[in-house]
Structure formats: structure tokens, C-alpha cells
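Tertiary structure, described
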Amino acid sequence: MSVVPYKDKEGTKREQVAEMFDNISPKYDLLNHVLSGGVDIYWRKRAIKLLKKQQPKVILDIATGTGDFAIEALALKPERIIGVDISEGMLAVGREKIAKLGKQDVITLQSGDSESLAFANNYFDAIIVSFGVRNFQNLLAGLTEMNRVMKPGGTCVVVEFSKPKSFPFKQIYNFYFKYILPIIGKTVSKDSAAYTYLPESVQAFPDGEAFLDIYKKAGFINTKCISLTFGICSIYVGHK
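What you see is a predicted model, and the numbers here were worked out from it, not measured in a lab.

**A word on the sheet that holds strand 1 (residues 58-62)**
With mixed pairing, 7 strands are arranged side by side in an open sheet as 3-2-1-4-5-7-6. Every other strand in the sheet has two partners, leaving strand 3 (107-111) and strand 6 (221-228) as the edge strands with one partner each. For this sheet the average axis-to-axis angle between neighbouring strands, irrespective of direction, equals 15°. Where strand 6 and strand 7 (residues 233-239) come together, 6 bridges link them in antiparallel fashion. Residue S227 lies in a different strand from strand 7, and its bridge partner there is S234. Lying on the sheet, helix 6 (residues 139-149) is in contact with strand 1, strand 4 (124-130) and strand 5 (150-161); it crosses strand 5 at an angle near 145°.

Right, here's the structure in full:
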């Protein structure tokens with residue numbers, strides 16, 4: 001059974017995740033940076049640098065949320081970035097940020113389901129995702145769709161939370177993630193389920209080699225995992 005945000009409610013994981021992000025969208029960026037100590041910004045920068053040599057012109061940002069990863073991808077000087085997300089609340093915040101930057105001509109944010117993308121085969125030069133694949137209702141289906149819409153020779157970069165394995169960081173991290181983070185998240189966002197769901201979804205997520213196995217089943221080749229910050233986060237790279 002998949003992990004869902006609201007255990008006392010009916011609805012698919014996709015529906016519940018959309019509702020959760022709609023609820024927390026006004027405070028999402030603040031909480032992201034506070035709860036990670038700002039290191040999430042470094043993780044995204046590191047991931048985008050992996051695409052520098054390829055210089056992709058058309059990029060898809062899956063589960064774009066408030067557009068942070070899409071905005072970071074501007075460093076690659078692409079012609080176009082399309083961000084898709086199932087949460088209209090998050091997209092609304094993202095559009096405001098992009099408008100303030102004056103980058104609406106490059107970045108477009110639109111409603112979309114990662115497991116049923118409204119794009120032609122072999123359309124994008126690169127695909128990026130930060131902290132989104134963990135929320136897919138069907139991970140293999142979502143990754144397979146991403147592979148379908150990416151051009152041969154393209155690169156897919158996935159940033160996602162993973163589970164530290166070294167003592168004592170593993171124990172400190174687990175305590176923070178399980179007990180401290182939900183309290184801060186509930187206080188700021190007023191949605192207690194959202195920041196209980198976060199550690200639960202990370203624990204249930206197939207990270208490391210287990211993710212690479214699914215990545216390969218989805219059609220990606222030359223895959224690799226880059227572990228960051230004592231294993232809190234991993235970058236997964238795949239090609240087509």
C-alpha cells in the first residue's frame with residue numbers, strides 16, 4: 001500500500017498529494033529552505049551543473065511546484081523550460097516568482113500529470129525533477145513517461161531525498177526527520193499531515209540502487225547515483 005498524506009480520507013495518492021501541496025503552497029518555499037538549512041539550493045545547483053556540457057535548449061521540469069528547479073535551470077540558457085505539476089496552488093506561487101523575474105518568455109508552468117504527459121515522443125532535450133518522483137502514484141509509469149518524451153541522447157536528472165546509512169548521522173537525521181521536522185512543518189504550514197507524510201514517504205521510497213533498477217526498467221541507460229550531504233539527498237542521472 002502506498003504512503004498517502006491523509007490516511008483518514010478517501011482518494012488516490014495523486015489526489016491527496018495535489019490537495020496537500022495546494023494546502024501548503026503559501027509557505028512551501030519558506031519551509032523548504034528552513035527545514036533543509038538552505039542546502040536544498042546547493043543540491044539543485046549541483047544537479048543543473050550536470051547538464052552544462054549538454055546545453056539543452058528545451059527542458060521539462062516535472063513536479064515543478066513553485067518553479068525553483070526551473071528557475072535554477074535558467075543558468076543553462078535554454079530557449080524554453082516547461083514546468084508541469086498537479087497542484088494549481090503551487091503553480092500559482094511559481095508563476096508569481098517567474099513574473100517578478102521577467103522570465104515568462106522562457107519558463108511556462110502548466111497543470112499536468114507526470115504519469116500521462118501531454119507531449120509528443122522525443123520532444124525534450126533534458127528532463128529535470130527535484131523532490132517529485134517520491135510523490136508519484138506509480139513510479140515506474142511516471143519514469144517511463146519521462147523517457148518517452150525525452151529525445152534520444154537526452155539526459156534526465158532526478159534529485160530526491162534518500163536515507164543516510166552512516167552512524168551517527170543516520171540516527172541524528174532520523175530523529176530530526178521523524179520528530180522535529182513535523183512539528184516545525186505543522187506550526188508554519190498549519191497542515192500536520194504534510195510534514196508527517198514527508199518522512200514516511202522518504203522511508204518508503206526505493207533509493208540508491210533500488211531506484212536505479214526502476215530507472216533502467218523505464219528505459220534509461222548509463223544510469224548513476226550521486227550521493228550528497230551524508231546521504232540525505234541523491235542525484236540520479238539517466239540517458240536515452
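**As for the packing of helix 6 against helix 9 (residues 209-217)**
Running from amino to carboxyl end, helix 6 crosses helix 9 at an angle of 50°, the nearest separation of the two axes being 8 Å. Accordingly, the angle class assigned to the pair helix 6 and helix 9 is oblique. Every pair of crossing elements has a handedness; the one defined by helix 6 and helix 9 is right-handed. From helix 6, L139, L140 and L143 reach across to helix 9, where they touch F211, I214, Y215 and K217. For the contact of helix 6 with helix 9, a count of residues per class yields 6 nonpolar, no polar and 1 charged.

The rules we used
Residue numbers restart at each chain and count upward from 1, following the sequence in its written direction. The predicted origin of the model limits local features to residues at a pLDDT of at least 70 and limits the giving and counting of side-chain atom pairs to 80 or more, whereas totals for whole chains, interfaces and linings rest on all residues. The side-chain quantities take in all heavy atoms of the structure and omit both hydrogens and water. The pairing criterion is simple: DSSP has to find at least two bridges between the two strands. Here a helix means four or more residues in a row that DSSP labels H or I, a strand means two or more in a row labelled E, and each is numbered from the N terminus. To obtain each axis, a line is fitted to C-alpha atoms, and for helices this fit is confined to the stretch in contact; angles are then taken between N-to-C directions over 0 to 180 degrees. Residues are treated as being in contact if the distance between any of their heavy atoms lies within 4.5 Å. Every angle not falling under 35 degrees, over 145, or within 65 to 115 is termed oblique; those three ranges are roughly parallel, roughly antiparallel and roughly perpendicular. For any pair of crossing helices, the crossing counts as left-handed if the nearer helix is rotated counterclockwise from the farther one by less than a right angle, and right-handed if it is rotated clockwise. Three residue categories are used. Nonpolar comprises Ala, Val, Leu, Ile, Met, Phe, Trp, Tyr, Cys and Pro, charged comprises Asp, Glu, Lys and Arg, and polar comprises the others, including Gly.

It is worth stressing that arrangement in space is one thing and function is another; only the former is reported here.
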